[in-house]
Amino acid sequence: MANVELILLQRVEKLGQMGEIVKVRPGYARNFLLPQAKAVRATKNNRERFERERVQLEAQNLKRREEAERVAERVHGLSVVLIRQASDAGSLYGSVTARDIADGCAASGLTIERSQVLLEHPIKTLGLTQVRVALHPEVVMKVTVNVARSPEEAEKQARGEAITRDEDAEDEPEAFDETETAEQA
């Protein structure tokens, strides 16, 4: 199927800048760019309309970018703590998704949508992870996600201490040894 020509209304990562005419596959245009108003079809009427409104659109884009930069400066170095259950080896029972990170950011004072969290793959282990958050197509900040079993463990991870399960093993009763029972019988 032939590619579709679109005019970008804002910067789209790995595609182009605002005002560029790009060729994309029909599904990408139909399912992502057009519904989210990131682009319009490159018809003659739309090209003329875009050129007439270009100054206004660029001014709006600049204003939104400056606002996003101010927010990024205000919450620079944001760290989000997420408490999850995990195995002794550190593997999570489940995973941390973009929705979890967006909710954690909201609890820390940064209101974002889950679509703004640029998570390449879900987090499936305990520890600290750097996640990119797009406040604006041209403003991306890093958020540290601290996934731990408890708030105490999260504090230790944040300080850079190694987390071992040996400390918790002292509290647990010793394992039952079947060889002792068989020899006693």
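Structure: above.
Throughout this description, residue numbers start from 1 for each chain and increase along the sequence as written. Given that the model is predicted, a residue must reach a pLDDT of at least 70 before its local features are reported, and side-chain atom pairs must reach 80 or more before they are shown or counted; all residues, however, enter totals for whole chains, interfaces and linings. Derived side-chain values reflect all non-hydrogen atoms in the structure, with water molecules and hydrogen atoms excluded from consideration.

Asks: Lay out the pairing of strand 1 (residues 4-8) in plain terms, naming residues and giving numbers.
Replies: Residue exposure (1.4 Å probe, protein chains only): buried if accessible area is under 20% of the type maximum, exposed if over 50%, otherwise partly exposed. For the purposes of this entry, the term helix denotes a DSSP run of H or I that reaches at least four residues, the term strand denotes a run of E that reaches at least two, and both are numbered from the N terminus. With four of five residues buried, strand 1 is to be regarded as a mostly interior element. Bridge count between strand 1 and strand 2 (residues 21-24): four bridges; the pairing is antiparallel. Considered in strand 2, the bridge of Leu 6 is made with Val 22. Any two strands with at least two DSSP-identified bridges between them are counted as paired. Across three bridges, strand 1 lies against strand 3 (residues 39-41) in antiparallel orientation. Bridging across to strand 3, Leu 6 finds its partner in Arg 41.

Asks: Let's hear about helix 1 (residues 26-33): which residues, and what values?
Replies: An α-helix turns once every 3.6 residues. As a result, residues three or four positions apart point the same way. Among the residues of helix 1, those classed as buried are Pro 26, Ala 29 and Leu 33. Considered in projection along helix 1, the buried side chains sweep an arc of 115° and stay on one side of the axis. Working rule for contacts: check all heavy atoms of both residues, and any pair within 4.5 Å makes them a contact. Where the residues of helix 1 are buried, they touch strand 1, strand 2 and strand 3. Taking the helix axis as origin, the arc is that swept by the directions to the C-beta atoms.

Asks: Can you lay out the nonpolar core for me, pointing to particular residues and giving the numbers?
Replies: By nonpolar core we mean a set of buried residues, namely Ala, Val, Leu, Ile, Met, Phe, Trp, Tyr and Cys, connected to one another through side-chain atoms within 4.5 Å. Ranked by size, the top nonpolar core spans 26 residues in total, and within it Ile 101, Cys 105, Leu 110, Ile 112, Leu 135 and Met 141 carry the most contacts. Secondary structure elements with two or more residues in this core: helix 2 (44-74), strand 4 (79-83), strand 5 (91-96), helix 3 (98-107), strand 8 (127-136) and strand 9 (139-148). Counting residues per element, this core draws most heavily on strand 9, at five residues. With nine residues, the next largest nonpolar core counts Val 4, Ala 29, Leu 33 and Ala 39 among its residues.

Asks: Pulling in residues and values, what's your account of empty space enclosed by the protein?
Replies: One water molecule sets the probe size; rolling that probe over the atoms shows where empty space is left. Here a cavity is any set of points on a 1 Å grid over the protein atoms alone where a 1.4 Å probe fits but cannot get out, and a pocket is any open set with protein on both sides within 12 Å along at least 5 of 7 lines; a residue lines the site when it has an atom within 4 Å of a point. Grid points are joined across faces, edges and corners, and a volume is the space filled by probe spheres set on the points. By the definition in use, this model includes one cavity of 30 Å³ or more. Of the volumes computed, that of the largest cavity is approximately 40 Å³. Lining the largest cavity are Leu 9, Val 40, Asn 46, Arg 49, Phe 50, Glu 53 and Leu 57. If one sorts the elements of the lining of the largest cavity by residue count, helix 2 sits on top with five residues. Just so you know the grouping, Ala, Val, Leu, Ile, Met, Phe, Trp, Tyr, Cys and Pro go in nonpolar, Asp, Glu, Lys and Arg go in charged, and all remaining residues, Gly too, go in polar. Its residues placed into classes, the lining of the largest cavity shows four nonpolar, one polar and two charged.

Asks: Could you give me a rundown of the sheet that holds strand 2, with the residues and numbers involved?
Replies: Strand order in the open sheet made by the three strands is 2-1-3, with antiparallel pairing throughout. Both outer strands of the open sheet, strand 2 and strand 3, are each paired with one neighbouring strand and no more. Averaged over all pairs of adjacent strands, the angle between their axes in this sheet comes to 40°, without regard to strand direction. Most of the contacts of helix 1 go to strand 2, to which it runs at about 110°, and overall it touches strand 1, strand 2 and strand 3. The convention used is that axes are lines fitted to C-alpha atoms, helices contributing only their stretch in contact, and that angles between N-to-C directions extend from 0 to 180 degrees.

Asks: How would you explain the layout of surface pockets if you had to name every residue and give the values?
Replies: Size it by volume and the largest pocket reaches roughly 950 Å³. Lining the largest pocket are 28 residues, with Lys 38, Gln 116, Ala 134, His 136 and Pro 137 positioned closest to its centre. Secondary structure elements with two or more residues in the lining of the largest pocket: helix 1, helix 2 and strand 8. Classifying every residue of the lining of the largest pocket by side-chain character gives 13 nonpolar, six polar and nine charged. Lining the second largest pocket, in full, are Leu 118, Leu 119, Glu 120, His 121, Pro 122, Ile 123, Lys 124, Thr 129, Gln 130, Val 131, Arg 132 and Lys 142. The set of elements that each furnish at least two residues to the lining of the second largest pocket consists of strand 7 (123-125) and strand 8. Looking at the lining of the second largest pocket, the element that brings in the most residues is strand 8, giving four residues. A class-by-class count of the residues in the lining of the second largest pocket yields five nonpolar, three polar and four charged.

Shape is all these values report; function is a separate question.
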